[in-house]
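Spelled out, the chains give:
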Amino acid sequence: MLDGQSSTTLVLEADRISKSFGAVPVLFSVSMGIRAGEVHALIGENGAGKSTLMKILSGFHTPTSGRILFDGEEAILPPDGGAERLGIVLIHQELNLAEQMTVEENIYLGRELTRNGVLDRETMRSKVRGYLDDIGLDISTSARISDLSIAEKQMVEIVKAISRNARVLIMDEPTAVLTEAETALFFRQVEKLKKTGVAVVFVSHKLSEVKQIADRITILRDGQWIGTKDADALSPDAMAQMMVGRELSDLYPPMHEVDVDAELVLEVRNLYSSSVRDVSFDLRKGEILGFSGLIGAGRTAVFEAICGLAPIESGQVFFEGRETRFASVAAARDAGVAYLTKDRKAKGLLLDKQMRPNLTLFALPKFVRRFGIDTKAEDKAMARAIRRFDIRARDPKINVGDMSGGNQQKLLLAKIMETDPQVVIIDEPTRGIDVGTKQQVYHFIAALAAEGVSVVVISSEMPEVIGVSHRVVVMRDGQVMGVLTGDDINENEIVRYAAGLKREGRG
Amino acid sequence: MTVLANSSLGKGKRMSFDIKTAGPAIALILLCIIGFLLNPAFLSEGNLTNLLTRSAFIGIIAVGATFVITAGGIDLSVGSMAAAIAGVMIIIMNSAVETLGPGLATVLLGCGCSIVLGIGAGWINGMLTTKGKIEAFIVTLGTMGIYRSLVTYFADGGTLSLDFAIRGTYRPVYYGSFLGLPIPVWVFIVVAVLGWFLLNRTAFGRYCTAIGSNEAVAKYSAIKVDRVKTMTYVIQGLCVSLATIIYVPRLGSASSSTGVLWELEAIAAVIIGGTVLKGGYGRIGGTILGALILTTIGNILNFTDLISNYLNGTMQGLIIIIAVWLQRGDWGKAKAKTN
Ligand SMILES: Nc1ncnc2c1ncn2[C@@H]1O[C@H](COP(=O)(O)OP(=O)(O)OP(=O)(O)O)[C@@H](O)[C@H]1O
Ligand SMILES: [Mg+2]
């Protein structure tokens, strides 16, 4: 359908776009051209303005100045997703699915197929089934969105976009919640789309992934356009450097060895709960324990059970040597165990509130003086957290939902740390965080451990688990497949355990 | 390199925010001006105290409703609850006259019962919604029917009247005044101040807001969601019992028509005041203004022949819709900025 020449024509172009929210400038004269049949990656630090630019290119925001060219002609894109009719589809960073409706209903939302004025459910169902099979997504077409995992929701969004016959498909951090296997499947779809001439634009903080799939890369820093380069011409290191504007030292901090006879803070024995079967492990004081495995392996479920978020069916939990069963999250918190959720939008932060009430919500009893809340202490805590975690919000009174994803993540981390826990469980610590901040988070985790705090890192990013952990527990289907130490902590071993090819002898 | 709050934006935001919070106050002032223009007697001391006393019932109940609604719930049972409590109070006091006499002891017994019943009824609503996991709308729709039929049953379809001997002792609670203000107004003021403090200055208030804003986040933030939600219904029940205590001496009776539609007036006061119906944002100050606005409308209509008194409901309905429409405009703007 398309010849070689048209692959250099620009379908959609941002021409010297600037954007301010109120008086706060976010983008400064940014230009970006998108060609048909290319995969164009957009990278930059948290808050660089990537999501904002994507929203402008799809009509969700109007630029303060500058032009948008569609098929070479100046265009004013219809607002609120109306650009979909022109073939410009945006998948938001924060997913946009109707939670109470089914997969099928969501995919056809707003353009339902009808026959004689009645919904043609048969055709819709079989089409959706086809799309799902194509992308390798094993869920029912009548599954409710609220029952799906985040990764599955993300995949449904992608299917929805694909099914809209997009000419320009813009995706804001589509792979942030996907495992490597899912990402691979997803990339296969992207390649397919690309062959049919669709322009794919995506934002990602996973630079190796960008290198692998992108044809061209645009880099933003602090709202400024830094450059657009052929992907072949950039190594991930070079990308990182352009993003941050300085040379990055080692991503992972030097490992501080754990005392072999450091006391055990947490011992879990034969734990059973929903989707957790017979899980046992130990955690020492000052240790960083990685939890690896595929999404759905039950890692989150283990810790939700331990922290009183889900019922324990059987098994024992010893905290600081004493058998304990936290009846509530509050009990766990008071004992010094804190869990940081991976789902920061739905379970982590109050998006319609400002930073301060969010920061202190988890540790609120600490801020109570004689019945009332001590707002001065809250302010102090806020200032401290902004410094300690380098939270950047151009307007401190902004609603958390309007902050960039990475800064939300830092705020969430700050919120959990407000209680000064002895054991912190961080589920996907760097989801949606830029490299520079990742480095900060890893160093922060290492520093915590050096101070004697025990940290559990649940992560689907293999290099991350390998880079920060003293030991790694690999789970599969709700069970512990093995515990890796020392030189055994490498991708090969982890994959073999996670895929069920290998299992430690039990005794 | 990024940070730095922009002061001009901050100011702009605060200004627009002020207009929004000031909305109910402006509306009330406008109503008072209209009232005065229609009939200068509107601003007479007698009428103003009357107005404040009348708004005390709905106002006190609405303070409780602010908690329930802020935490994402709803309580439709308050009107029938008030009627049922009033009925039981009267029965208990009447039968206590013989043993305790028509003095203070009997009245105190009645008030004590009212409080216990209010707290108990609220607790039942709360437990059914949280532990029973039934929508608040359904639960309170059910208890609303139950309480209403209970008064009818107690009164045997007629009216329960307070023993005349007790009325004399109890009378001052509604008709008496202290430092020039009627007792019901004092109760209203105390409830409002306590409610304001509880919602805006305590951890409990913060928890209510958090739960209404996003229950899952609240749960993951170590908030005992069920307990806090139940507490909001208990507070609501307590407010209903206080309102009933000052209501009973007014007429000295209770029947199946006592407290009819109070739930809607209370909810309307809350919403006019700027509290968001789906939860997550509550304003006690606004609620109080809302209650005053509703009473003022009725009062003005009493004062003028321009509009029939029978159109009271129409005027109230219009005000509610306009108030919410104005708020919606604001929320719409906020939405457009998001995403
Ligand atoms: N609706 C809004 N109102 C005010 N400020 C906003 C709004 N949306 C975004 N911003 C601000 O614009 C800046 C850029 O945000 P944006 O979401 O585009 O960053 P990003 O590059 O996508 O970051 P991340 O990688 O963390 O997702 C941030 O400082 C953010 O706080
Ligand atoms: Mg973003």
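Residues numbered from 1 in each chain as written. Chains lettered and ligands numbered in written order. Predicted model: local features only at pLDDT ≥ 70, side-chain atom pairs only at ≥ 80, totals over all residues. Heavy atoms only, no water.

A. Structural view of the overall build of chain A. Counting secondary structure elements, chain A contains 16 helices and 24 strands. For chain A, whose C-alpha radius of gyration is 24 Å, the value lies close to the compact-globule estimate of 23 Å for 507 residues. Oriented by its inertia axes, the alpha-carbon framework of chain A measures out at about 70 × 50 × 50 Å. Sorting the 507 residues of chain A into buried and exposed places 57% on the buried side. (Helix = DSSP H or I, 4+ residues; strand = E, 2+ residues; numbered from the N terminus. Rg over C-alpha atoms; globule rule 2.2 N^0.38 Å. Buried < 20%, exposed > 50% of the residue type's maximum accessible area, 1.4 Å probe, protein only.)

B. Fine view of the overall build of chain B. Looking only at helices and strands, chain B features 14 helices and 4 strands. A globule of 339 residues ought to have a C-alpha radius of gyration of about 20 Å, and chain B, at 21 Å, matches this closely. Structurally, chain B occupies a C-alpha span of about 80 × 55 × 35 Å along its principal axes. Looking at chain B residue by residue over its 339 residues, the buried ones come to 50%. Counting only contacts in chain B whose residues sit at least 6 apart along the sequence, the fraction spanning at least 24 positions is 78%. For chain B, the accessible surface area stands at approximately 15,500 Å², while carbon and sulfur atoms represent 70% of it. Both charge centroids of chain B, one from 23 positive and one from 13 negative side chains, sit 15 Å from each other. (Contact = heavy atoms within 4.5 Å. Areas by Shrake-Rupley, 256 points an atom, 1.4 Å probe, with all protein chains shown as cover. Lys, Arg positive; Asp, Glu negative; His and termini not counted. Charge placed at Lys NZ, Arg CZ, Asp CG, Glu CD.)

C. Layout of the UniProt feature "domain: ABC transporter" (unreviewed entry) in chain A. Look at the UniProt record and you will see "domain: ABC transporter" (unreviewed entry) annotated at residues 12–247 and 260–502 of chain A. As a span, residues 260–502 of chain A carries 35% helix and 27% strand, and end to end its C-alpha atoms are 27 Å apart. (UniProt positions renumbered as here; feature names shortened; annotations may be inferred.)

D. A look at the pattern of salt bridges. Residues and elements named next belong to chain A. With the rule as written, the count across this model stands at 25 salt bridges over all chains. For Lys-194, the salt bridge identified is with Asp-215, shortest N-O distance 3.2 Å. With Lys-194 in helix α5 (residues 180–195) and Asp-215 in the loop between α6 (207–213) and β11 (216–221), the pair connects residues that are 21 residues apart, well separated along the chain. According to the relative accessible area criterion, Asp-215 is partly exposed, its value standing at 27%. What you see here is one network of salt bridges that share partners, running through Asp-15, Arg-16, Arg-67 and Glu-74. (Salt bridge = Lys/Arg side-chain N within 4 Å of Asp/Glu carboxyl O.)

E. Structural context of helix α14 (residues 435–450) of chain A. Residue and element names in this part refer to chain A. Compared with an ideal rise of 1.5 Å per residue, which puts 16 residues at 22 Å, α14 spans 22 Å between its outermost C-alpha atoms and is within 8% of the ideal. Where α14 begins, the side chain of Asp-434 points an oxygen toward the backbone nitrogen of Gly-436, at a separation of 2.9 Å. Following α14 by one or two positions, Gly-452 adopts a phi angle in the positive range, close to 100 degrees. (Expected span 1.5 Å × (residues − 1). Polar contact = N/O pair within 3.5 Å; in protein donor to acceptor, adjacent residues only side chain to side chain.)

F. Molecular detail of the interface of chain A and chain B. The interface is formed by 46 residues belonging to chain A together with 32 residues belonging to chain B. For the pair chain A and chain B, the two sides together bury roughly 3,200 Å², of which 60% comes from carbon and sulfur. Taken together, the links from chain A to chain B amount to 1 salt bridge. Put simply, chain A and chain B have 8 residue pairs in polar contact (both at pLDDT 80 or more) between them. In terms of residue class, the side of chain A that touches chain B is built from 21 nonpolar, 7 polar and 18 charged. (Buried area = accessible area lost by both parts, 1.4 Å probe. Nonpolar A, V, L, I, M, F, W, Y, C, P; charged D, E, K, R; others polar.)

G. Looking closely at the sheet that holds strand β16 (residues 312–319) of chain A. Residue and element names in this part refer to chain A. Spatial ordering of the open sheet is given by β14-β13-β16-β17, a layout of 4 strands whose pairing is antiparallel. Each of the sheet's edge strands pairs with one partner strand only, and the pair in question is β14 (276–284) and β17 (322–323). Relative to β17, β16 is paired through 2 bridges, and the arrangement is antiparallel. In the sheet register, Phe-318 faces β17, and the bridge partner there is Glu-323. (Pairing = 2+ DSSP bridges.)

H. Up close: the environment of Lys-229 of chain B. Residues and elements named next belong to chain B. With respect to the element layout, Lys-229 can be found in helix α11 (residues 225–251). Sequence separation between Lys-229 and Gly-120 is 109 residues; the distance between their C-alpha atoms is 15 Å. Ignoring any residue separated from it by four or fewer positions in sequence, one finds Lys-229 in contact with Thr-130, Ile-211 and Glu-215.

I. Structural context of the nonpolar core. By size, the foremost hydrophobic cluster in this structure holds 161 residues, and its most contacted members are Leu-271, Phe-281, Phe-291, Val-302, Phe-303 and Ile-425 of chain A together with Tyr-170 of chain B. Top contributing element to this core by residue count: helix α2 (residues 45–70) of chain B, with 12 residues. Discounting chain neighbours no more than four positions away, the residues touching Phe-281 of chain A are Leu-266, Glu-267, Val-268, Arg-269, Leu-289, Phe-291, Val-302, Phe-303 and Ile-306 of chain A. Grouped together as the second largest cluster of nonpolar side chains are 52 residues, Ile-135, Leu-137, Met-155 and Ile-219 of chain A included. (Core = buried A, V, L, I, M, F, W, Y, C linked by side-chain atoms within 4.5 Å.)

J. Broad picture of the packing of helix α4 (residues 150–163) of chain A against α5 of chain A. Residue and element names in this part refer to chain A. Packing of α4 against α5 leaves a shortest axis separation of 12 Å and a crossing angle of 5 degrees. As the angle between them shows, α4 and α5 are arranged roughly parallel. Contacts between α4 and α5 involve Ala-151, Met-155, Ile-158 and Ile-162 from the former and Glu-182, Phe-186, Gln-189 and Leu-193 from the latter. Residue composition of the contact of α4 with α5, grouped by class: 6 nonpolar, 1 polar and 1 charged. (Axes fitted to C-alpha atoms, helices over the stretch in contact; angles between N-to-C directions. Parallel < 35°, antiparallel > 145°, perpendicular 65-115°, else oblique.)

K. Layout of the pairing of strand β12 (residues 224–230) of chain A. Of the pairings in the sheet, the one linking β11 of chain A to β12 of chain A comprises 6 bridges and is antiparallel in character. The residue bridging Arg-221 of chain A from the neighbouring strand is Gln-224 of chain A, located in β12 of chain A.

L. Fine view of a positive patch on the surface. Residues and elements named next belong to chain A. Together, Lys-376, Lys-380, Arg-384, Arg-387 and Arg-388 give the surface a local cluster of positive charge. With respect to the element layout, Lys-376 can be found in helix α12 (residues 375–389). Since its relative accessible area comes to 65%, Lys-376 is described here as exposed. (Patch = residues over 30% accessible without salt bridge, like charges linked within 9 Å, V, L, I, M, F, W, Y side chains within 5 Å.)

M. Just the sheet that holds strand β22 (residues 454–458) of chain A, in detail. All names here are of chain A. Spatially, β18-β21-β22-β15-β23-β24 is the arrangement adopted by the 6 strands of the open sheet, whose pairing is mixed. Each having just a single partner strand, β18 (337–340) and β24 (479–485) make up the two edges of the open sheet. Going across the sheet, the axis of each strand differs from the next one's by a mean of 15 degrees, ignoring polarity. Both strand β21 (residues 423–427) and β22 contribute to a ladder of 5 bridges, which runs parallel. The residue bridging Asp-427 from the neighbouring strand is Ile-458, located in β22. Against the sheet, helix α16 (residues 491–498) makes contact with β15 (288–293), β23 (471–476) and β24, and its axis sits at roughly 30 degrees relative to β23, the strand it touches most.

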